[in-house]
Amino acid sequence: TCIETIIEKLLPLTYEIIVRPHPEFIKRQGERIKEIKDKYKSHANLFIETESSSSTNILESNILITDWSGIAIEYAWGMFKPVIYIDTPKKVHNPDYDKIDIVPLEDQTRELNGTVLKNSNCDCINVEIEKALQLKEEKQERLLNLRNKHIFNWGESSNVAADYIINYCNKN
């Protein structure tokens, strides 16, 4: 991946950078995380967050840079904030997934949720961030429409589920 290219491009700028690796990456690539921490430890605007129990940094951030993480959908549709996807190879845990003729939601909505940046263009991340932040308001309606198309009973699902269960019990 181009994590170091991104970090080095953003460090001189006024951004507060939070690197929050996936828990599986931490488990499998702990030494790599340690190397990155050690290499950039003198930079006060860079934080490596390896504890995923808190959502504070995600909620307070202005933009998300990720690869194929499902958090991008939650981030874009839940908070209407910009996402930049780094176009890495797909993480396929089930090699037979294509036997079912269904395109995964992440694949369907990736380019609609945000910007897809080729791995080879990571040195342009600062430009892409500025563009994404400038277009944030303009893209909110599209994100809302995507959310409404794919998620039912937004903000009301517990009420709808409770009503369904009560009605079902009353009938039986």
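Residues numbered from 1 in each chain as written. Predicted model: local features only at pLDDT ≥ 70, side-chain atom pairs only at ≥ 80, totals over all residues. Heavy atoms only, no water.

K.L.:
Mind showing me how you'd approach the overall build of the chain here?
P.N.:
The number of helices and strands found in the chain is 9 helices and 5 strands. From first element to last, N terminus to C terminus, the chain shows the α and β order α-β-α-α-β-α-β-α-β-α-β-α-α-α. Expressed along its principal axes, the backbone C-alpha trace of the chain runs to roughly 65 × 35 × 35 Å. Within the chain, buried positions represent 30% of all 172 residues. The contacts in the chain between residues at least 6 apart in sequence include a share of 66% that link residues at least 24 apart. Accessible surface, the chain: about 11,700 Å² in total, of which carbon and sulfur atoms supply 52%. Positive and negative side-chain charges in the chain, numbering 22 and 27 respectively, have mean positions lying 2 Å apart. (Helix = DSSP H or I, 4+ residues; strand = E, 2+ residues; numbered from the N terminus. Buried < 20%, exposed > 50% of the residue type's maximum accessible area, 1.4 Å probe, protein only. Contact = heavy atoms within 4.5 Å. Areas by Shrake-Rupley, 256 points an atom, 1.4 Å probe, with all protein chains shown as cover. Lys, Arg positive; Asp, Glu negative; His and termini not counted. Charge placed at Lys NZ, Arg CZ, Asp CG, Glu CD.)

K.L.:
Quick question: what am I supposed to make of the sheet that holds strand S3 (residues 64-66) here?
P.N.:
The pairing of strands in a sheet happens through backbone hydrogen bonds and is either parallel or antiparallel. As summarised here, the arrangement of the 3 strands in space is S3-S4-S5, forming an open sheet in which the pairing is parallel. Because the sheet does not close on itself, it has two edges, and the strands there are S3 and strand S5 (115-118). Shown here is a sheet whose adjacent strand axes are inclined to one another by a mean of 25°, direction ignored. Pairing of strand S4 (residues 83-87) with S5 involves 4 bridges; the strand directions are parallel. Across the sheet, Asp-87 pairs through a bridge with Lys-118, a residue of S5. (Pairing = 2+ DSSP bridges. Axes fitted to C-alpha atoms, helices over the stretch in contact; angles between N-to-C directions.)

K.L.:
It is not clear to me how the state of the cysteines should be interpreted in this structure. Could you clarify?
P.N.:
A covalent bond bridging the sulfur atoms of two cysteines is what the word disulfide describes. The full count for this structure, using the stated rule, is 1 disulfide. The disulfide partner of Cys-2 is Cys-122, and the S-S distance across this bridge is 1.9 Å. Separated by 120 residues along the polypeptide, Cys-2 in the segment before helix H1 (3-10) and Cys-122 in the loop between S5 and helix H7 (125-134) bring together distant segments of the chain. Cys-122 carries the same exposure label as Cys-2, and that label is buried. Free of any disulfide, Cys-124 has its nearest neighbouring cysteine sulfur in Cys-122, separated by 8.9 Å. Note on Cys-124: relative accessible area 34%, which makes it partly exposed. (Disulfide = S-S within 2.5 Å.)

K.L.:
Explanation requested: the side chain of Glu-4 in the structure shown.
P.N.:
In this structure, Glu-4 sits in helix H1. For Glu-4, a relative accessible area of 19% puts it in the buried group. Among the polar contacts made by the side chain of Glu-4, one reaches the side chain of Lys-39 at a distance of 2.5 Å. With sequence-adjacent residues up to four places away left out, Glu-4 is seen in contact with Arg-32, Lys-39 and Tyr-40. (Polar contact = N/O pair within 3.5 Å; in protein donor to acceptor, adjacent residues only side chain to side chain.)

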